[in-house]
Amino acid sequence: MNFKIKEGWRKEKVSDSLPEVFSSIPIPKKSGFWRKYLAFAGPGLMIAVGYMDPGNWATDIAGGAQFGYTLLSVILISNIFAMVLQHLSVKLGVATERDLAQACRDHFSPTTNVILWILCEIAIAACDLAEVIGSAIALNLLFGIPLTWGIVITTIDVLLILLLQAKGFRWVESIVGGLIFIILICFGYELIISKPEINQILGGLVPQKEIITNPAALYIGIGILGATVMPHNLYLHSSIVQTRDYDRDRAGKKEAIKFATLDSTVSLLIAFFINAAILILAAATFHTTGNQHIADIHDAYKMLTPILGASMASIAFAIALLASGQNSTLTGTLAGQIVMEGFLNISLKPWLRRLITRLIAVIPALIVAILYGEQGTTDLLVLSQVILSMQLSFAVVPLVMFTNDKSKMGEFVNKPILKISVWIISGIIIVLNLYLLYQTVFG
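Residues numbered from 1 in each chain as written. Predicted model: local features only at pLDDT ≥ 70, side-chain atom pairs only at ≥ 80, totals over all residues. Heavy atoms only, no water.

The subject of this paragraph is the side chain of glutamine 102. As for its placement among the helices and strands, glutamine 102 is situated in helix 5 (residues 100-107). One polar contact links the side chain of glutamine 102 to the main-chain carbonyl oxygen of serine 15, over a distance of 3.2 Å. Setting aside residues no more than four positions away along its own chain, glutamine 102 makes contact with Ser15, Asp16, Ser17, Glu97 and Gly342. (Helix = DSSP H or I, 4+ residues; strand = E, 2+ residues; numbered from the N terminus. Polar contact = N/O pair within 3.5 Å; in protein donor to acceptor, adjacent residues only side chain to side chain. Contact = heavy atoms within 4.5 Å.)

At a closest axis distance of 7 Å, the pairing of helix 15 (residues 297-308) and helix 16 (residues 312-344) adopts a crossing angle of 150°. By the angle between their directions, the pair helix 15 and helix 16 is classed as roughly antiparallel. Contacts between helix 15 and helix 16 involve Ile297, Ala300, Tyr301, Leu304, Thr305 and Leu308 from the former and Ala313, Ser314, Ile315, Phe317, Ala318 and Leu321 from the latter. Taken together, the residues of the contact of helix 15 with helix 16 break down into 10 nonpolar, 2 polar and no charged. (Axes fitted to C-alpha atoms, helices over the stretch in contact; angles between N-to-C directions. Parallel < 35°, antiparallel > 145°, perpendicular 65-115°, else oblique. Nonpolar A, V, L, I, M, F, W, Y, C, P; charged D, E, K, R; others polar.)

A separate point is a nonpolar patch on the surface. Nonpolar side chains collect at one region of the surface, where Trp351, Leu352, Leu355, Ile356, Leu359, Ile360, Ile363, Ile367, Ile370, Leu371 and Tyr372 lie side by side and expose about 1,100 Å² of accessible area between them. With relative accessibility at 44%, the residue tryptophan 351 sits in the partly exposed group. (Patch = residues over 30% accessible without salt bridge, like charges linked within 9 Å, V, L, I, M, F, W, Y side chains within 5 Å. Areas by Shrake-Rupley, 256 points an atom, 1.4 Å probe, with all protein chains shown as cover. Salt bridge = Lys/Arg side-chain N within 4 Å of Asp/Glu carboxyl O. Buried < 20%, exposed > 50% of the residue type's maximum accessible area, 1.4 Å probe, protein only.)

Let us look at the nonpolar core. Membership of the largest hydrophobic core comes to 134 residues, with the highest contact counts inside it found for Phe187, Ile297 and Phe317. Element by element, the count of residues in this core is highest for helix 14 (residues 250-285), at 17 residues. Setting aside chain neighbours within four positions, we find phenylalanine 187 in contact with Trp57, Ile274, Ala277, Ile278, Leu281, Phe317 and Ala320. (Core = buried A, V, L, I, M, F, W, Y, C linked by side-chain atoms within 4.5 Å.)

This part is about the packing of aromatic side chains. Counted according to the given criterion, the structure contains 9 aromatic pairs. Between the aromatic rings of phenylalanine 33 and tyrosine 37, the centroid separation amounts to 6.4 Å while the plane-to-plane angle is 0°, which identifies the pairing as stacked. Here tyrosine 37 and phenylalanine 33 lie together in helix 1 (residues 33-40), a separation of 4 residues that amounts to about one turn. Centre to centre, the rings of tryptophan 34 and tyrosine 37 are 6.0 Å apart; their planes meet at 85°, and the pair counts as edge-to-face. Of the two residues, tryptophan 34 and tyrosine 37 both sit in helix 1, 3 residues apart, roughly one turn of that helix. Every member of this aromatic cluster is reached through a ring pair, and the members are Phe33, Trp34, Tyr37, Phe40, Tyr246 and Phe259. If you follow arginine 248 out to its NZ or CZ, it ends over the ring of tyrosine 246, 3.8 Å from the centre. Lying across the ring of tryptophan 9, lysine 408 places its NZ or CZ 4.7 Å from the centre. (Phe/Tyr/Trp six-rings, centres within 6.5 Å; stacked < 30°, edge-to-face > 60°. Lys NZ or Arg CZ within 6 Å of the ring centre and 35° of its normal.)

The quantities given are spatial measurements derived from coordinates; they are silent on function.
What follows is the structure, encoded as structure tokens:
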């Protein structure tokens, strides 16, 4: 393939991102807004998955149980940050026809790239760890399967992924959308029966002084931020947005950025609803009944039915958790492939790549489950979110650098107001994560 060398890029692009599905989904040329939107819709849902994975549940439950509706504003702010960063990811992928990992490989030295790749692999392993533990907990809650066996069972979904990828990218997107719909139905039901106070919900969306002045609230708040904005999602989105067969000219790229941004923004609003619903459920059910000590998934499951007096409350909660865990598997697989191919220019067979990622996550989860049981796996789930928070800056800073660079982005470079905004967001993320690291080590 004959690619033009873009001004600002040192090397010619050697391969497409996710070549097996690159430009594989047709976009209707002369059609109305809704048909175009539906053709572009899909990648946003896959991104939204990372914002509602099992790792988020622990921080949302702890936040709602301890501080009521106060931390809702943190979920809202995190989601706004996420919308802006995913927009940058879309712009990079469409404008430069490179994913974030390919862009890093071109821009940085080989040593820096290897460090960034290792950090990103750690983040993907941490996310996979949360998904493995979340699915195992859900299987334990629903069917009484011991955690160790639940962890083993979740390794088998490798086969499901391979089957789906072979059928085409729309299949993967459809399964993800279906599972998100299940989670939405479950939490819609939970909210109806928990009868939260609407005035308190609206009040919680306004930032409160207590979040900063109370160290415990600040710690959970940063945990929510870390669990919400996922580093590997920035790599993933810059790649899968290129699965659409839009015109690779100025007008085609402009239209693709518009519709892909709309897709991710709508999908992240759904993720915001689900994250907020978990916190609202914990606030309405536990905080108001004097059960502020509830801070993990097991306790929440056990207490929902007795407090709410609805036998389906706990079951709906566990079904949503299982759907959430399975969804994270799909997106984690693709992110792993994109990162390895982009940074190292190495293509592994999907089954081998998946097996390696899965074993990295399963082995520590199994060891902890065998040695420490339920409490150990809950602590591991929280640790996985701290690890993800630590990696976030290493994905955000290169993304902001590239999209602010006119020589790399051409006319699609960030406008001045967006340039300033994204550096402020990056600064907030870096400062909060340094604080979280300090608290984790010395607090």
